[in-house]
Structure formats: structure tokens, C-alpha cells
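Letter by letter, the chains look like this.
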Amino acid sequence: MKVLNLAGVAPSTVFSHVPLANALRNRGHQVMTTASVDTLMPTIAEVGLAAVRTTDPELNPQKIIAQSGLTHVPEDPVEREIMAGRWYAYMEYVTLDALLAFSKDWRPDVIVSGVTSYSGPLLAAHLGIPYVRHAWDIHDPRMMDEGAEDQLREQLKELGLDHLPEPAMTIEIAPPGLRPADAAAAQLMRWIPGNSQAVVEPWMYTKGASTRVGVTLGTGVARYNQYDFLQSVVENIATLDTEVVVAVGEDAAPELRERLKNVHAGWIPMDVVAPTCDVLVHQTGGSTMMTGLSFGVPQVLIPDTSMYRTTDMARRLAEAGAAVVLSTEEAASEVIAKTCQEIISNPSFAAAAGKLAGEIAALPLPEEVARRIERIVGEAS
């Protein structure tokens with residue numbers, strides 16, 4: 001069986017595809033992986049998957065959106081969520097010709113399409129093959145789907161469709177306790193971290209103090225010049241009697257090490273450092289959130305309040321009792337130290353996170369989901 005994996009727009013979305021892609025390969029199937037931006041080709045290769053180039057190396061997401069004319073950024077988070085669906089739809093659609101050309105040389109039997117990889121259902125409709133929709137985190141994409149469907153109206157009409165094709169399977173990785181009450185039926189799958197690895201040092205997998213707080217703002221610290229904010233977060237947490245470690249890309253690590261003399265900082269595989277943490281502080285990244293939860297780690301979340309996606313995920317985890325949500329202003333003040341201390345001192349947070357970790361561990365493994373995909377392809381043949 002040939003599987004084409006459409007892995008999205010960020011390193012974290014690529015990481016989410018790794019466990020199922022490896023499960024399919026371990027069952028003897030061929031797997032190719034692509035993304036909607038060329039800068040992710042090295043990331044795909046780094047996690048051990050075959051990377052297929054389907055985009056212009058000169059185009060980044062900002063240039064693609066500028067070409068689309070969809071440059072208005074709504075202030076209202078809900079309207080912005082719908083507009084995000086339009087942005088993703090356009091970014092994905094511009095890869096369709098390259099995907100069709102690739103499919104003439106290497107025709108897939110099934111497409112595993114990331115949750116906003118809207119080229120997946122279009123390509124599947126062109127080829128007459130099934131596609132599987134793969135969630136990246138706990139976010140519900142229904143409002144983005146609304147925007148994407150509107151953006152792709154003409155392309156769908158050319159295929160004789162008035163809405164996006166339904167997937168043959170929808171894979172959800174959220175534990176049952178975090179799924180919306182009105183969530184549609186789906187194939188649940190256990191979250192297993194798929195992040196890039198590194199040569200690890202002892203400080204990455206062992207505590208140097210009785211408690212440890214892990215901090216990360218994802219892979220964009222250097223790109224978005226978040227040094228001052230991250231420094232404020234870390235220095236406030238460091239006032240506690242606790243060890244602080246910072247997971248950051250190697251492009252940002254030298255400056256952070258210069259700024260934070262007594263703090264370990266560098267590219268630390270999240271699945272290595274998360275089990276050593278008593279609290280995980282981050283910007284509500286879906287992959288970081290799920291990795292922390294899979295090890296039962298309570299979290300401090302700093303969502304971008306202009307984005308419905310991050311505020312919704314943060315709210316749901318906080319309502320489950322496994323997190324506290326702070327504003328960016330609070331996170332850069334003494335409030336974050338008080339919050340981390342509260343989580344460390346109050347066992348209810350670890351208990352709630354542990355309950356969700358148990359739910360994750362009980363879900364079907366990627367290998368079982370791979371077998372079910374085999375059945376779908378067999379029935380479609």
C-alpha cells in the first residue's frame with residue numbers, strides 16, 4: 001500500500017504525523033510525506049520520513065497569503081478563526097498541481113491528511129481514493145472548515161461537489177475528557193510524541209533540584225524576536241526554589257544562554273524533558289500540550305488571545321483542572337512564579353493531568369489504526 005502523508009505548515013504538525021507514519025511503514029507500506037511550505041522539508045527528513053517537495057522553495061506562508069489577496073486580519077477571534085480556514089485552504093490549493101503531478105509518478109492508495117491540509121480531500125477526489133483526516137491536537141476545526149469550504153467553492157464545483165468530501169476516517173488524539181460534548185464520532189488514537197531528537201545530556205533527563213519547571217515558546221523565538229518576553233518569564237520563575245529548563249531551537253539558544261546564565265537552554269526533545277517536569281509552561285502549542293499530558297504534567301498556558309484556537313484549547317485544559325491560563329502580561333510578571341508554586345503545592349493539578357494521561361494511554365495504538373486504514377483501502381479497491 002502507498003500512503004501519501006500531508007503534514008501541514010509547522011514542525012509541530014509534522015511531529016504529529018510521525019507515529020502513524022512509522023506504524024504504517026513498520027507494517028510494510030510505503031509512506032511519502034509532504035508539507036504546504038518548503039521550509040519543512042528538512043524537518044520531515046529529520047524525523048526519518050521521506051520528504052516530497054511540492055512547493056516553491058522561494059515562497060513562505062507570508063508570501064503565499066500576500067499573493068492570495070486574503071490579507072485582512074480580523075480582530076474578532078471567531079472571525080479570525082474562519083479566515084484562518086481560508087488562508088490554509090489557499091496555501092494548500094496552490095500545491096495541488098504539484099501533488100497531481102507527483103501522483104502520476106507515484107500514485108497513492110490512500111491519503112493521510114492533516115486537519116487543515118485541505119489539499120488532501122481535493123487530491124483524493126481527483127484520484128478517486130479514500131483519505132484519512134488526522135488531528136494534530138485537541139482543537140476542533142469546524143470554524144476553519146467553514147472558511148476553507150467557502151474559499152474552495154469554485155474548486156469543489158469543478159469536482160461536482162458542493163462541500164468538502166467526507167474522510168473515510170477521522171483520527172482524533174484528544175483524550176475523551178477533553179473532547180467537546182458535541183464532537184462527531186471518530187477513530188481515537190493514542191498520542192505518542194514524534195518530535196525531532198538530539199544527543200541528550202544528563203541535565204535533560206534528570207532533575208537538578210526537588211522540583212523542575214519546563215518552559216518553551218516553540219520554534220519561533222528567534223523568528224519572532226521573543227527573547228525579552230521569554231527572559232522575563234524565566235527570570236520570574238527562577239525566583240522560586242526550583243530548577244528551570246528552557247526548550248528552544250538552536251537558532252535561539254546562544255542568545256538565551258548569554259541572557260540566562262544559570263538556566264539550561266537548548267533543543268531538548270520534549271518527550272525527554274517533559275517527564276522530568278512538575279510544571280510545563282508554554283504558549284499553548286498543541287504538540288507540547290499533548291506531550292506534557294501524555295506524561296501527566298500540569299501546565300501553565302499563555303495563549304494568544306487574538307486566536308480562537310489557542311484560547312479554546314487553553315480553556316478546555318483549565319476546565320479539566322490540569323492547567324492555569326495566564327495573559328502575556330501576567331506571564332512576564334511575578335504572577336507566573338506564584339502560579340507555578342500553586343500548581344506544585346496543590347496536588348489536584350497533578351491528579352487531573354494524571355487522569356488525562358491515563359485516558360491517553362488507554363487509546364488504540366497507531367499500529368491498530370494502521371490496520372484499520374488497511375481495511376479501508378481494501379474495501380475501496
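Whatever comes next refers back to the structure up there.
Please read all numbers here as calculations on a predicted model, not as lab measurements.

Our next topic: the sheet that holds strand β5 (residues 131-134). Spatially, seven strands are ordered β3-β2-β1-β4-β5-β6-β7 in an open sheet, and the strand pairing comes out parallel. Whereas interior strands pair on both sides, the edge strands pair on one side only; in this sheet they are β3 (50-51) and β7 (187-188). Pairing of strand β1 (residues 2-6) with strand β4 (residues 110-114) involves four bridges; the strand directions are parallel. Its bridge partner lying in β4, valine 3 is registered against valine 110.

Moving on, we come to helix α6 (residues 119-127). Taken across its nine residues, α6 has seven buried, putting it largely inside the fold. Inspection of α6 places Ser119, Gly120, Pro121, Leu122, Leu123, Ala124 and Leu127 among the buried residues, and these make up the whole buried set. On its buried side, α6 packs onto β1, α4 (77-93), α5 (96-105), β4, β5 and α8 (153-158). Directly after α6, the chain includes glycine 128, whose backbone phi takes a positive value near 70°.

Our focus in this paragraph is the side chain of glutamine 231. Secondary-structure assignment places glutamine 231 in helix α10 (residues 227-237). When near neighbours in sequence (up to four residues on either side) are disregarded, glutamine 231 contacts Arg259 and Leu260.

Turning our eyes to something else, we now look at the sheet that holds strand β9 (residues 243-247). The sheet built from six strands is open, its strands ordered β10-β9-β8-β11-β12-β13 with parallel pairing. Pairing within the sheet leaves two strands with one partner each, and these edge strands are β10 (264-266) and β13 (323-325). On average, adjacent strands in this sheet sit at an angle of 15° to one another, irrespective of strand direction. Inspection of the sheet shows β9 paired to β10 by three bridges, in the parallel sense. Across the sheet, valine 246 pairs through a bridge with alanine 265, a residue of β10. Contacts from α10 reach β8 (212-216), β9 and β11 (279-282), with the element oriented near 175° to β8.

Residues in a regular strand project their side chains so that they alternate between the two faces of the sheet. Note: β5 against strand β6 (residues 169-172), three bridges, orientation parallel. Looking across to β6, one finds that valine 132 is bridged to methionine 169. With two bridges joining them, β6 and β7 adopt parallel strand pairing. Across the sheet, residue isoleucine 171 finds its bridge partner in β7, namely glutamine 187.

Where α5 contacts α6, the axes come no closer than 10 Å and their chain directions differ by 45°. As judged from the angle between their axes, α5 and α6 are oblique. Regarding α5 and α6, the two cross each other, and that crossing is right-handed. Touching Leu96, Leu99, Leu100 and Ser103 of α5 are Ser119, Leu122, Leu123, His126 and Leu127, all from α6. Of the residues assigned to the contact of α5 with α6, the class counts are six nonpolar, three polar and no charged.

The rules we used
Residues numbered from 1 in each chain as written. Predicted model: local features only at pLDDT ≥ 70, side-chain atom pairs only at ≥ 80, totals over all residues. Heavy atoms only, no water. Pairing = 2+ DSSP bridges. Helix = DSSP H or I, 4+ residues; strand = E, 2+ residues; numbered from the N terminus. Buried < 20%, exposed > 50% of the residue type's maximum accessible area, 1.4 Å probe, protein only. Contact = heavy atoms within 4.5 Å. Axes fitted to C-alpha atoms, helices over the stretch in contact; angles between N-to-C directions. Parallel < 35°, antiparallel > 145°, perpendicular 65-115°, else oblique. Left-handed = near helix turned anticlockwise from the far one by under 90°. Nonpolar A, V, L, I, M, F, W, Y, C, P; charged D, E, K, R; others polar.

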